[in-house]
Amino acid sequence: MACRAAESGGRSCVSDRDCREPHLCFAGRCSSGVDGLGAGSAQPDKERARSERSQAPLGRLPNKGWRSDRRAQQGPRGAPQRRWRFATRGALHAAPLLHADRIFAASSDGTLYALDREGGLRWRFESGAPLSAAPTPDSSGLYLGSDDGTLWSLDLQGHVRWKQGLRSRVDSSPLLGRGERLYVTGPGLNAFDLRQGKRLWHRALGGHLASSPIWHPLGQLLVSTWSGKLIALDEAGNERWQAAAGASSMASARIGPDGSIYLTNELGELRAFDAEGKLRWRFRTRGALRSSPVFVSSSMLVVASAEGGVHALSTEGKIQWQWYGAGPIHAKPCVDAQGNLYFGSLDNHLYGLSPRGELLWRYNLGSDVEAALELGPDGTLYACADDGGIYALR
């Protein structure tokens with residue numbers, strides 16, 4: 001991971017089949033993601049995909065701490081086999097988190113599960129409300145939000161260190177900031193003291209935000225909104241600039257090696273901006289883009305589409321290759337050390353693609369997967385599925 005919010009009323013769902021056309025299921029709710037776009041909004045192109053450029057100045061800068069999205073491990077080049085499955089009591093809409101030799105999974109049953117690498121339950125934390133996003137870890141604990149608007153700080157044994165109430169649900173993972181700060185979206189953007197949980201400031205930013213904030217090397221926080229904006233703020237919450245996202249965005253932006261900003265939207269566009277928010281180019285597919293792009297290398301990024309396509313582009317917006325053959329894809333691919341791509345779909349299958357866009361394998365999991373996959377240190381793939389299962393495949 002369509003309907004307007006006023007029409008859907010946040011109707012719960014497990015898959016797209018539970019929603020009325022043209023509604024789609026995302027994070028357990030029927031949604032369109034085009035709120036605030038009137039009758040004059042752009043319509044999908046007849047072409048399968050295209051790339052457009054603007055003449056805006058680039059405004060680029062070196063991003064010294066930049067890394068691609070490649071993992072250190074190599075994933076399966078052939079169809080994997082299931083090692084184990086752990087059953088939870090609700091659909092899983094968030095990616096698994098691998099941290100401190102544990103596998104953490106946030107479930108719509110309101111529980112955060114901590115498993116060992118063999119699928120054994122080590123502990124679980126009952127939040128009392130559905131969980132739609134993975135926790136964010138640091139060296140001593142975890143931070144996560146729940147659908148009832150509670151922000152939790154836990155130690156690595158699942159004990160509560162502190163909690164804070166927000167005014168609406170938390171759909172995304174918190175962001176760790178400098179100076180022991182924690183940034184959380186939901187009812188706007190919120191800054192908290194990491195250790196004590198004290199709220200430092202709040203910015204409304206036009207309503208509910210469904211994606212995590214990210215850091216830009218210029219020292220700015222970037223957030224995308226349902227109202228179709230990309231907003232940059234400083235660490236005190238002061239707005240620096242706004243840019244048009246083209247449509248509602250359900251995904252976080254991604255920063256390139258030169259400081260350029262890449263953002264997807266619900267109309268199927270990937271937009272590239274310079275560091276000051278000026279549009280450089282845009283690329284369009286026929287299906288909604290519901291996840292962030294991933295960088296296979298410093299010069300090539302990949303996006304996955306709700307039309308079942310995977311698209312590779314250069315950082316200048318030139319199409320490198322395109323692959324079609326899956327059902328709707330709602331999450332970003334996982335990239336291994338060789339540049340192979342792994343992802344799940346709402347057609348009950350997992351897929352592996354080569355760095356050139358060739359199909360390596362297709363695996364029938366038996367359940368829709370709308371969350372990103374994760375790759376373990378031994379090359380095991382971990383998947384969280386709509387049937388409530390946490391899967392390990394090798």
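Residues numbered from 1 in each chain as written. Predicted model: local features only at pLDDT ≥ 70, side-chain atom pairs only at ≥ 80, totals over all residues. Heavy atoms only, no water.

**Observations regarding the sheet that holds strand S31 (residues 359-364)**
With antiparallel pairing, the four strands of this open sheet are ordered in space as S28-S29-S30-S31. If you trace the sheet from one side to the other, it starts and ends with strand S28 (334-335) and S31, each paired once. (Pairing = 2+ DSSP bridges. Helix = DSSP H or I, 4+ residues; strand = E, 2+ residues; numbered from the N terminus.)

**A short note on the pattern of salt bridges**
For the coordinates displayed, the defined rule picks out 21 salt bridges. The salt bridge involving Glu118 is made with Arg83; its shortest N-O contact spans 3.4 Å. With Glu118 in the loop between strand S7 (111-115) and strand S8 (121-126) and Arg83 in strand S4 (residues 82-87), this residue pair connects regions lying 35 residues apart in the sequence. Exposure remark for Glu118: the relative accessible area of 57% places this residue in the exposed category. With a closest N to O distance of 3.1 Å, Lys278 and Glu276 form a salt bridge. Look at Lys278 and you get partly exposed, because its relative accessible area is 34%. Taking the relative accessible area as the measure of exposure, Glu276 reaches 48% and is therefore partly exposed. Connected through shared salt-bridge partners, Arg83, Glu118, Asp378 and Arg394 make up one network. (Salt bridge = Lys/Arg side-chain N within 4 Å of Asp/Glu carboxyl O. Buried < 20%, exposed > 50% of the residue type's maximum accessible area, 1.4 Å probe, protein only.)

**Re the side chain of Thr185**
Checked against the element boundaries, Thr185 lands in strand S14 (residues 181-193). A distance of 2.9 Å separates a polar side-chain atom of Thr185 from the backbone oxygen of Ser211. Setting aside anything within four residues of it in sequence, one finds Thr185 in contact with Val170, Ser172, Leu209, Ser211, Ser212, Pro213 and Val223. (Polar contact = N/O pair within 3.5 Å; in protein donor to acceptor, adjacent residues only side chain to side chain. Contact = heavy atoms within 4.5 Å.)

**A few points about the pairing of strand S23 (residues 279-284)**
Looking along a regular strand, one sees the side chains alternate between the two faces of the sheet. Bridge count between strand S22 (residues 269-273) and S23: five bridges; the pairing is antiparallel. The residue of S23 that forms the bridge with Glu269 is Arg284. In this antiparallel pair of consecutive strands, S22 and S23, the connection spans five residues, and Gly277 shows a positive phi of 85°.

**Describing the confidence of the model for the protein**
For the protein, the average pLDDT comes to 88, and 84% of its residues sit at 70 or higher. This stretch, residues 1-9, has a pLDDT under 50; its non-local contacts, to residues over four places away or in other chains, come to 28 contacts. Every residue in residues 32-59 is under pLDDT 50, and counting partners more than four places away or in other chains gives 66 contacts. (pLDDT = per-residue confidence, 0-100.)

**Re the environment of Ala392**
Relative to the assigned elements, Ala392 resides in strand S34 (residues 389-393). Classification of Ala392 as buried rests on a relative accessible area of 0%. Along the primary structure Ala392 and Arg82 are separated by 310 residues, whereas in three dimensions their C-alpha atoms are 6.0 Å apart. Residues in contact with Ala392, not counting those within four places in the same chain, are Gln81, Arg82, Arg83, Trp84, Thr380, Leu381 and Tyr382.

**Remarks on the packing of aromatic side chains**
Counting across every chain of the model gives 14 aromatic pairs. An angle of 50° between the planes, with centres 6.0 Å apart, marks the rings of Tyr183 and Trp201 as tilted. Residue Tyr183 is located in strand S14, and its partner Trp201 is located in strand S15 (residues 199-208); the two are separated by 18 residues in the primary sequence. Judged on exposure class, the residue Tyr183 and its partner Trp201 are both buried. With centroids separated by 5.9 Å and ring planes inclined at 25°, the aromatic side chains of Tyr342 and Trp361 adopt a geometry described as stacked. Linking Tyr342 in strand S29 (residues 341-344) with Trp361 in strand S31, this pair joins segments that are 19 residues apart in sequence. Each member of the pair, Tyr342 as well as Trp361, carries the same accessibility label: buried. Chaining the aromatic ring pairs together yields one cluster made of Trp66, Tyr262, Trp281 and Phe295. When the ring centre of Trp215 is taken as origin, the NZ or CZ atom of Arg178, which lies over that ring, is 5.1 Å away. (Phe/Tyr/Trp six-rings, centres within 6.5 Å; stacked < 30°, edge-to-face > 60°. Lys NZ or Arg CZ within 6 Å of the ring centre and 35° of its normal.)

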